[in-house]
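Each chain is listed here by its residues.
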Amino acid sequence: MAITLSKGQKVSLTKGNPGLKHIVVGLGWDTNKYDGGFDFDLDSAAFLLDENGKVNADTDFVFYNNLKHPSEAVEHLGDNRTGDGDGDDEEILVDFSKMPDRIEKIAVTVTIYEAKERRQNFGQVNNSYVRVVNSDNEIILVPHLAKNIRYLYSKPNLYVVKL
């Protein structure tokens, strides 16, 4: 069953989903017809953080230019530069069974590529969302978070989304 979150709420993804091992963090948006001539290129990224909230190496930053963490616990499936098409435009796969012990949090971010130069902001983006799906059974765990997702926590036997 899908979870509805409000601002500041923490929710266990494993409650009702014992043994959850694989999720997809999906990002979607529609093209904006009133954008000053530039495509809206939203980019998702994952920062794998230690107990101090720090990235230990460049490889702990997974994004369109570094698609896979060396542990294979987190993989970005590539950059969609326009938002064209139905469904998720960008996806990040997470395999909790491969997560290194030193990783305490996964911070998921969404940015607009060259937003300042193109004079773009999220208020101009149509129908943007972030969602979390159990990739083993395609059940949507957390639907349409808009742009407010902050962390996916990775702790033994506890996975939480926080807005």
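See the structure shown above.
What you see is a predicted model; the values in this text were computed from it and never measured. (Residues numbered from 1 in each chain as written. Predicted model: local features only at pLDDT ≥ 70, side-chain atom pairs only at ≥ 80, totals over all residues. Heavy atoms only, no water.)

Asker: Residue-level account of the pairing of strand β2 (residues 22–30), with values.
Answerer: Regular strands have side chains that alternate between both faces of the sheet. Counting buried residues along β2, seven of its nine residues qualify, which places the element largely inside the surrounding structure. Strand direction decides the pairing type here: β2 and strand β6 (residues 90–95), joined by six bridges, are antiparallel. Bridging across to β6, Ile-23 finds its partner in Val-94. The sheet contact formed by β2 and strand β8 (residues 126–134) spans seven bridges and is antiparallel. When the bridges of β8 are listed, Asp-30 appears paired with Asn-126. (Buried < 20%, exposed > 50% of the residue type's maximum accessible area, 1.4 Å probe, protein only. Helix = DSSP H or I, 4+ residues; strand = E, 2+ residues; numbered from the N terminus. Pairing = 2+ DSSP bridges.)

Asker: Summarise the sheet that holds strand β5 (residues 74–76); cite the residues concerned and give the values.
Answerer: Reading across the sheet, the five strands line up as β5-β6-β2-β8-β9 and stay open at both edges, with antiparallel pairing between neighbours. The sheet terminates laterally at β5 and β9 (139–142), the two strands that pair on one side only. When strand polarity is set aside, the average angle formed by the axes of neighbouring strands in this sheet is 25°. (Axes fitted to C-alpha atoms, helices over the stretch in contact; angles between N-to-C directions.)

Asker: Lay out the pattern of salt bridges with the relevant residues and their values.
Answerer: What the rule picks out here adds up to four salt bridges. Between Asp-60 and Arg-102 there is a salt bridge, and its shortest N-O distance comes to 2.9 Å. Here Asp-60 is found in the loop between β3 (42–49) and β4 (61–62), whereas its partner Arg-102 is found in the loop between β6 and β7 (105–112), with 42 residues between them in sequence. When its relative accessible area of 0% is taken as the criterion, Asp-60 is described as buried. Residue classification places Arg-102 among the partly exposed positions, given a relative accessible area of 37%. Two residues, Lys-98 and Glu-72, come together in a salt bridge whose shortest N-O distance is 3.6 Å. Residue Lys-98 is located in the loop between β6 and β7, and its partner Glu-72 is located in the loop between β4 and β5; the two are separated by 26 residues in the primary sequence. Classification of Lys-98 by relative accessible area gives partly exposed; the value is 38%. (Salt bridge = Lys/Arg side-chain N within 4 Å of Asp/Glu carboxyl O.)

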